[in-house]
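Residue strings, one per chain:
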Amino acid sequence: GQNERYIANPRIAKFLRELPHGTIYDRNGIPLASSDWNELENYREKFKEKELNIDLDTICQKGVRCYPFGTDTYFLLGNVNTKLNWNGQNDFIERKKEFTLHGLKNKEELIDRILSGYPPTSYSIDSKNNIKTTIDIRLQRKLTKLIREKLEPLKLKGAIVVLDPKSGDLLASV
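Residues numbered from 1 in each chain as written. Predicted model: local features only at pLDDT ≥ 70, side-chain atom pairs only at ≥ 80, totals over all residues. Heavy atoms only, no water.

1. A look at the packing of aromatic side chains
Right, on to step 1. Evaluated as defined, the whole model comprises 4 aromatic pairs.
Right, on to step 2. With a centroid separation of 5.8 Å and an interplanar angle of 70°, the aromatic rings of Phe47 and Phe69 are classed as edge-to-face. Separated by 22 residues along the polypeptide, Phe47 in helix α4 (residues 44-47) and Phe69 in the loop between α5 (56-59) and α6 (71-77) bring together distant segments of the chain. In this pair, the class of Phe47 matches that of Phe69, namely buried.
Right, on to step 3. Seen from their ring centres, Tyr74 and Phe75 are 4.9 Å apart, and the 80° between their planes marks the pair as edge-to-face.
Right, on to step 4. Given a relative accessible area of 13%, Tyr74 falls into the buried group.
Right, on to step 5. Its relative accessible area of 64% is what places Phe75 among the exposed residues.
Right, on to step 6. Among the aromatic residues, ring-to-ring pairing joins Tyr43, Phe47 and Phe69 into one connected group. (Phe/Tyr/Trp six-rings, centres within 6.5 Å; stacked < 30°, edge-to-face > 60°. Helix = DSSP H or I, 4+ residues; strand = E, 2+ residues; numbered from the N terminus. Buried < 20%, exposed > 50% of the residue type's maximum accessible area, 1.4 Å probe, protein only.)

Structural data, given as structure tokens:
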């Protein structure tokens, strides 16, 4: 429709890229994706725990959206920096919840704000732009490691999906 035409406009795409993104957390409050360096710094010590083993300075750089767990969460989150496989049949959280992460309701609100002349710098990340998932990153990492160690040497592929039987929450998907 008409709004799709606006989204394809390079100036509008640039505006959308410049809007801050909220943070995506696992069920325990550990950041899975963030553009907020201060938020990542708050978790620096937790990232160093044996189960997580993340060195922020090696994996992330200031000013770029960071995915501390890299490929372990790629098929759940996607990557807004590269937008690799963005147009496929993927349910990337970054793609599905793009407007929520920018503090917007939908494409129409984005267009209204752009046409009203609001500069990107007038927005800030606040708690309503954040998303808390049902994923348990520690479980996700353990299962990813299991597949890498057991199946990849045999040149086999596999998948593991773990759901909480009571709530139906997705706990891990590898």
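2. A closer look at the confidence of the model for the protein chain
Right, on to step 1. In the predicted model, the protein chain carries a mean pLDDT of 82, and 87% of its residues have values of at least 70.
Right, on to step 2. The secondary-structure element of the protein chain with the lowest mean pLDDT is helix α1 (residues 2-8), recorded at 48, while strand β2 (residues 31-33) shows the highest, at 95.
Right, on to step 3. Within the model, pLDDT remains below 50 along residues 120-126, and this stretch shows 16 contacts once partners closer than five positions in the same chain are excluded. (pLDDT = per-residue confidence, 0-100. Contact = heavy atoms within 4.5 Å.)

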